[in-house]
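Each chain, written out:
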Amino acid sequence: MSLSENRHRAGGSALASRILHQSGVVAATFVVVLALVACSEQPAPAQPGDTPVGPVPGGLNRPLSVALDAKGQIYVADAAGVHLVNNDGKIIRTLVKVDPDTLRLPSGLALDGSGGFYVADVTGNQVKHFDAQGNLITTLGKAGKGPGEFNQPTDVAIDTQGNLWVVDQGNVRLQKLDPAGRPLFAFGSPGGGDDQFIRPRSVKLDSAGNLWVTDLGDFYVKQFTPDGKLLKRIGNVHAGQDKTLMRAVVVDPAGSVYLLDALNHRIQKFDAEGRPVLEFGKLGSGPDEFRDPEDMAMDAAGNLYIADKQNNRVLKLTPPKQ
């Protein structure tokens, strides 16, 4: 999430979704609306479903990041904190609440493999590590431009050695920290060159350990080696429209790349060579629609989970088989 992004509305098309969101309160319990349909490459009318009208007490409030653990549990960071959600869309519990001392605004999540999680605190200019119960373990970094310091960190990822990769958006770079938070490496500077960024937003690691970085100002996602060498760039494909806002990326085991385009409220899929395969999604609040989507994750079965920010929900989508 960027603090200065404009909100635009455009289109796409979709079919496929399971909605995970809190839609009402009855006798102190939440009614979860679930609508499971299939996704295909061809447009089709939206399926009937409830339209969210805004956050309700105890429900999601502008979800900004989503992550999945091996048990299929869904972790969601929103404007109110970090929540644990099960695969049926039920909020099990709130792990961390937003407050000035602990967590100001969570923007990116990464799970540590032991039940704990790291959070990029975009307004606190720090990365926080919490245990499985939501207790603060350690705070990494502070506001600044030096090694290990941050200016609006928007995302965090963990490699197989436990090192952290932090999108340091305000300093226009990526930083690598060891598990103790000591700075190891950084790359990036303002500009449009191979190893430069305009407004980096998110980072994901693929099975080979390469980095995929979205850039809100470049309309592309870039793939880098762990030493910061550019391998490829993908994106900026849409008939009749050349503006995109790539907030998030997911790479599946086959090497296909999914890009979340918030400007056009859609997801684009590319093959491993960077060729466009399909796109789906449009502006709205139905089961196949997005409203300012912020992040996405993929489970072991290949389903996508979308943090649908302005609809105050998470959607589970099943992409079509090729």
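Our subject is the structure listed above.
As the structure is a prediction and not an experimental result, all values here were calculated from the model. (Residues numbered from 1 in each chain as written. Predicted model: local features only at pLDDT ≥ 70, side-chain atom pairs only at ≥ 80, totals over all residues. Heavy atoms only, no water.)

(A) Layout of the sheet that holds strand β4 (residues 65–68). Spatially, β4-β5-β6-β7 is the arrangement adopted by the four strands of the open sheet, whose pairing is antiparallel. Looking along the sheet, the strands with just one partner apiece sit at the ends: β4 and β7 (91–97). Neighbour-to-neighbour, the strand axes of this sheet turn through a mean angle of 20°, independent of strand direction. As paired elements, strand β5 (residues 74–78) and strand β6 (residues 81–85) share five bridges and run antiparallel to each other. When the bridges of β6 are listed, Asp 78 appears paired with Gly 81. (Pairing = 2+ DSSP bridges. Helix = DSSP H or I, 4+ residues; strand = E, 2+ residues; numbered from the N terminus. Axes fitted to C-alpha atoms, helices over the stretch in contact; angles between N-to-C directions.)

(B) Broad picture of the packing of aromatic side chains. Across all of its chains, the model carries eight aromatic pairs by this definition. A ring pair is formed by Trp 165 and Phe 185, whose centres lie 6.4 Å apart and whose planes are at 85°; its orientation type is edge-to-face. Remark: Phe 185 occurs in strand β15 (residues 183–187) and Trp 165 occurs in strand β13 (residues 164–168); sequence separation between them is 20 residues. By relative accessible area, Phe 185 is classed as partly exposed at 31%. When the centroid spacing of 6.1 Å and the interplanar angle of 45° are considered together, the rings of Phe 187 and Phe 197 count as tilted. Remark: Phe 197 occurs in the loop between β15 and β16 (200–205) and Phe 187 occurs in strand β15; sequence separation between them is 10 residues. Since its relative accessible area comes to 7%, Phe 187 is described here as buried. Given the relative accessible area of 0%, Phe 197 is considered buried. Three or more aromatic residues joined by ring pairs make a cluster, and in this case those are Trp 165, Phe 185, Phe 187, Phe 197 and Phe 224. (Phe/Tyr/Trp six-rings, centres within 6.5 Å; stacked < 30°, edge-to-face > 60°. Buried < 20%, exposed > 50% of the residue type's maximum accessible area, 1.4 Å probe, protein only.)

(C) Structural view of the pattern of salt bridges. Taken as a whole and judged by the stated rule, the model has 15 salt bridges. Where Asp 218 meets Arg 233, a salt bridge forms, and the shortest distance between an N and an O atom there is 3.7 Å. Here Arg 233 lies in strand β19 (residues 230–235) and Asp 218 lies in the loop between β17 (211–215) and β18 (220–224), a separation of 15 residues in the sequence. The exposure class of Asp 218 is buried, given its relative accessible area of 13%. When salt bridges that share partners are traced, they join Arg 201, Arg 247, Asp 292, Glu 294 and Lys 309 into one network. (Salt bridge = Lys/Arg side-chain N within 4 Å of Asp/Glu carboxyl O.)

(D) Structural context of the environment of Gln 133. With respect to the helices and strands, Gln 133 occurs in the loop between β10 (126–130) and β11 (136–140). By relative accessible area, Gln 133 is classed as exposed at 54%. Spatially, the C-alpha atom of Gln 133 lies 7.8 Å from that of Gly 116, the residues being 17 residues apart in sequence.

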